[in-house]
Amino acid sequence: MSTAAQDTGAPRAHCTVDADGRTAFRVALHPAGRPRLALVPRPKKNAPEQPTHLLDLEPHGDDGDLGAVLEPLPALAEGRWDAYLMRETDAVRERLRPGLRDLRALVDGNLRVWPSPVAVRVPYATKDGFLAVRAWLRTAHAEAGRLDLADGAMTVHARLHGAELSDGATVLLRLRSDRGTTRSFPLRTEGGAFSFTAPLGELSGGVPRDQVWDVFLRPAADAPLVRIGRFLDDVADRKTVCVYPALTVGEAAVRPYYTVDNDLAVEVTAVH
């Protein structure tokens, strides 16, 4: 259970997420007019603008608080949604600060079998101390688990959700700066679970240079690529939480990491 920093006078919202993806918000506010909680999507470059999601705040319990429930459907578009309070229908929006965040139902999300589309929401505190919701929405998703670095290689254990693995399944690492440059690696499979080992020397090349490889699964020979990442739990931003060491391979330092979207990537840095 998470808490935010000390209050600065801004309204504060507590939230609880259940195993079905339902998010309940509670705000200490005396009802007046038609108060609402607004989830406002942050604009994304080259992506269509998403509408604001409005939730009516209604009396909750006997303590005078107001509550609203964000149901699992319709699913929120993938991205970050900032939480605001609107005290009246046409009132100026006020940013909400996070109160208690009960995310225990999300902790073991990687143990569930998720159907397509894979829709996940994680409330979190932004760097400047406000409440937001991180949403993922993908046709299929490969959830990364244990990652081992040894003997110049990276071994990743993962599970596919929202699709089926076939005998032609492979893992593909694609160079971010040149999508036509890829490396493929075979899988070891058991049901929906799989693992693969990538010799890191194949990513650094004979003359290493700074570059990034994004990690994908191709579930079948003719299937679309599925991003391998990790977001089926209560961690909204994994980049600074799961930090792996770099391995020196020849003249390069090679390090796996999670991106700002919690997708798995591999960074290659030339050792000068």
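Residues numbered from 1 in each chain as written. Predicted model: local features only at pLDDT ≥ 70, side-chain atom pairs only at ≥ 80, totals over all residues. Heavy atoms only, no water.

1. Digging into the side chain of S204
In this structure, S204 sits in helix α1 (residues 201–204). Within polar-contact distance, the side chain of S204 engages the backbone oxygen of G201 at 3.3 Å. Sequence-distant contacts of S204, defined by excluding residues within four places in its chain, comprise Q211, V249, A252, V254 and V268. (Helix = DSSP H or I, 4+ residues; strand = E, 2+ residues; numbered from the N terminus. Polar contact = N/O pair within 3.5 Å; in protein donor to acceptor, adjacent residues only side chain to side chain. Contact = heavy atoms within 4.5 Å.)

2. Looking at the pairing of strand β2 (residues 23–27)
Of the two faces of β2, only one is covered, namely that formed by T23, F25 and V27; the face formed by A24 and R26 stays uncovered. Note: strand β1 (residues 12–17) against β2, 5 bridges, orientation antiparallel. Bridge pairing links H14 to R26 in β2. Inspection of the sheet shows β2 paired to strand β6 (residues 65–70) by 5 bridges, in the antiparallel sense. Within the sheet, the bridge partner assigned to V27 lies in β6 and is L66. (Buried < 20%, exposed > 50% of the residue type's maximum accessible area, 1.4 Å probe, protein only. Pairing = 2+ DSSP bridges.)

3. Side note on the pattern of salt bridges
Considering all chains together, one arrives at 18 salt bridges under this definition. Of the charged contacts, one joins D82 and R42 as a salt bridge, the two residues approaching to 3.0 Å between their closest N and O atoms. Taken together, the residues span a long stretch of sequence, with D82 in strand β7 (residues 79–86) and R42 in the loop between β3 (36–41) and β4 (53–56) at a distance of 40 residues. One salt bridge connects R134 with D261, and the closest N-O pair in it is separated by 2.7 Å. Highlighted residues: R134 in strand β11 (residues 131–138) and D261 in the loop between β21 (252–258) and β22 (264–270), separated in sequence by 127 residues. The partly exposed category is assigned to D261, whose relative accessible area is 32%. (Salt bridge = Lys/Arg side-chain N within 4 Å of Asp/Glu carboxyl O.)

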